[in-house]
Amino acid sequence: MATVSLAGRDVTVSNIFCIGRNYAAHVAELGNRPEAEPLVFLKPTSALLADGGRIELPAYSQDVHHETELVVLIGRDARHVAEADALDYVAGYGIGLDLTARDTQSELKAKGMPWTKAKAFATAACVSAFAPASAVANPQALTFSLTVNGERRQQGDTALMLFPLAQLISFLSQHYGLTAGDLIYTGTPEGVARLQSGDALTLSLDGLAQAQFTVA
Ligand code: MG
């Protein structure tokens, strides 16, 4: 059973929702246009990789990208939640990687096929331990970063989200329903790039969470 750590205790993960195209500069770097509503896809819990884990690059891809994202842990079931109440459903905040086989994704997009092969492979959902929501005064004012081999690769600021967290949680609760233990990967800022075997990654979220991964 897949679990994440919240303030030292294990929480069983239910669903893993991911949001695409949620930062304008990243939308632009891939040549996409902003969406009228949140772009949602899913990863299986078998894709989870906890702090300290080894990323396995799939043999069919030559271009696996890091996407560094704030990850929300949902604390209780939510259905048709208003934006004004949405943050009450958050149990914790962490930092993660939505790993993406970019070459595979491009092929799938061209064929109009789902992104599963590009986004859902084993170890494609890296995630830190979670800090309790009570420790975060304003989750739309958090900075986060990724370094690879000691070099800064991505820097994010949650104030720049196109769809803020309350809107995402409200939207997901209405369309799909949220369950205690769900994770939401909230989109990457610009700076996505290729990972290589041997890379050492460090993720950090504003003094709240940190995680390290190596690429096998
Ligand atoms: Mg992403």
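As a convention, each chain's residues are numbered from 1 in the sequence order in which they are written. In view of the model being predicted, local features appear only for residues whose pLDDT reaches at least 70, and side-chain atom pairs are presented and counted only at 80 or more, with totals across whole chains, interfaces and linings using the full set of residues. Hydrogens and water molecules were not included; the side-chain quantities draw on all heavy atoms of the structure.

Asker: Help me understand the overall build of the chain, please; the structure alone is not making it clear to me.
Answerer: From N to C terminus, the chain includes 5 helices and 18 strands. Our radius of gyration is a C-alpha quantity, and the globule rule it is checked against amounts to 2.2 Å times the number of residues to the power 0.38. Its C-alpha radius of gyration of 16 Å places the chain within 12% of the 17 Å reference for a compact globule of 216 residues. The buried share of the chain, reckoned over its 216 residues, is 52%. In what follows, a contact means two residues having at least one pair of non-hydrogen atoms within 4.5 Å. Long-range contacts, defined as pairs at least 24 residues apart, comprise 76% of the intrachain contacts of the chain with a sequence gap of at least 6. Note on areas: Shrake-Rupley, 1.4 Å probe, and residue coverage restricted to the protein chains presented here. Approximately 9,300 Å² of the chain is accessible, and the part contributed by carbon and sulfur atoms is 48%. Charge convention: Lys and Arg are scored as positive, Asp and Glu as negative, and His as well as the terminal groups of each chain are ignored. The location of each charge is read from NZ of Lys, CZ of Arg, CG of Asp or CD of Glu. Taking the average location of the 15 positive side-chain charges in the chain and that of its 22 negative ones, the two points are 6 Å from each other. Here a helix means four or more residues in a row that DSSP labels H or I, a strand means two or more in a row labelled E, and each is numbered from the N terminus. Note on classification: 1.4 Å probe, protein chains only; a residue is buried when its accessible area is under 20% of the maximum for its type, exposed when over 50%, partly exposed between these limits.

Asker: How should the nonpolar core be read in this particular structure?
Answerer: Across soluble globular proteins, nonpolar side chains have a tendency to be buried as a group. By size, the foremost hydrophobic cluster in this structure holds 65 residues, and its most contacted members are Ile55 and Leu183. When sequence neighbours within four positions are dropped, the list of residues in contact with Leu183 reads Val4, Val13, Asn15, Ile16, Phe17, Leu48, Val71, Val72, Leu73 and Phe130. Nonpolar core, defined: a set of buried Ala, Val, Leu, Ile, Met, Phe, Trp, Tyr and Cys residues in which side-chain atoms within 4.5 Å join the residues together.

Asker: Just checking my understanding: could you explain the coordination of the magnesium ion for this structure?
Answerer: Put simply, the ideal angle at a metal is 109.5 degrees for four donors in tetrahedral geometry and 90 or 180 degrees for six donors in octahedral geometry. Summarising the metal site, the magnesium ion is bound by the protein donors Glu67 (OE), Glu69 (OE) and Asp98 (OD), whose distances to it range over 2.0 to 2.1 Å. A relative accessible area of 0% places Asp98 in the buried class. Only nitrogen, oxygen and sulfur atoms qualify as donors, and only when within 2.8 Å of the metal (3.2 Å in the case of Na, K and Ca); with water excluded, sites may look incomplete.

Asker: Can you help me understand helix H5 (residues 165-175) in this one?
Answerer: The α-helix advances 3.6 residues per turn, and as a result positions three or four apart in sequence lie on the same side. Extensive coverage of H5 is indicated by the burial of 8 of its 11 residues. Taken together, the buried positions of H5 are occupied by Leu165, Ala166, Leu168, Ile169, Ser170, Phe171, Leu172 and Ser173. Backbone geometry just downstream of H5 places Gly177 in the positive-phi region, at approximately 80 degrees.

Asker: When you look at the sheet that holds strand E16 (residues 193-194) in this model, what are you seeing that I'm missing?
Answerer: DSSP calls a pair of strands paired once it identifies at least 2 bridges connecting them. A sheet is described by the order of its strands in space; here 3 strands give the open sequence E10-E7-E16, paired in antiparallel fashion. In the strand order of this sheet, the two ends are held by strand E10 (100-101) and E16, each with one partner.

Asker: Is there a simple way to explain the pattern of salt bridges in this structure?
Answerer: Between side chains of opposite charge, a pair can form as their charged atoms come close. In the sections that follow, a salt bridge refers to a side-chain nitrogen of Lys or Arg positioned within 4 Å of a carboxyl oxygen of Asp or Glu. Under the definition given, this model contains 5 salt bridges. Glu35 is the salt-bridge partner of Arg21, the closest N and O atoms lying 2.7 Å from each other. Of this pair, Arg21 sits in the loop between strand E3 (16-20) and helix H1 (24-29) while Glu35 sits in the loop between H1 and strand E4 (39-43); the two residues are 14 residues apart in sequence, bridging distant segments of the chain. One salt bridge connects Asp98 with Lys119, and the closest N-O pair in it is separated by 2.9 Å. Taken as a pair, Asp98 in strand E9 (residues 90-98) and Lys119 in helix H4 (residues 116-119) lie far apart in primary sequence, 21 residues in all. Here the two residues Asp98 and Lys119 agree in accessibility, since each one is buried.

Asker: How do you make sense of the pairing of E9 when you look at a structure like this?
Answerer: The two faces of the sheet receive side chains in turn, since in a regular strand these alternate between them. Most of E9 is tucked away, with 8 of its 9 residues classed as buried. Sheet analysis places strand E8 (residues 68-74) next to E9, joined by 7 bridges and oriented antiparallel. Counterpart to Val71 in the pairing with E9 is Gly94. As judged from the 2 bridges shared by E9 and strand E12 (residues 131-132), these two strands associate in the antiparallel manner. Its bridge partner being in E12, Tyr93 is matched across the sheet by Ala131. Here 3 bridges tie E9 to strand E11 (residues 125-127), and the two strands are oriented antiparallel to one another. By the bridge assignment, Asp98 is partnered in E11 with Ala125.

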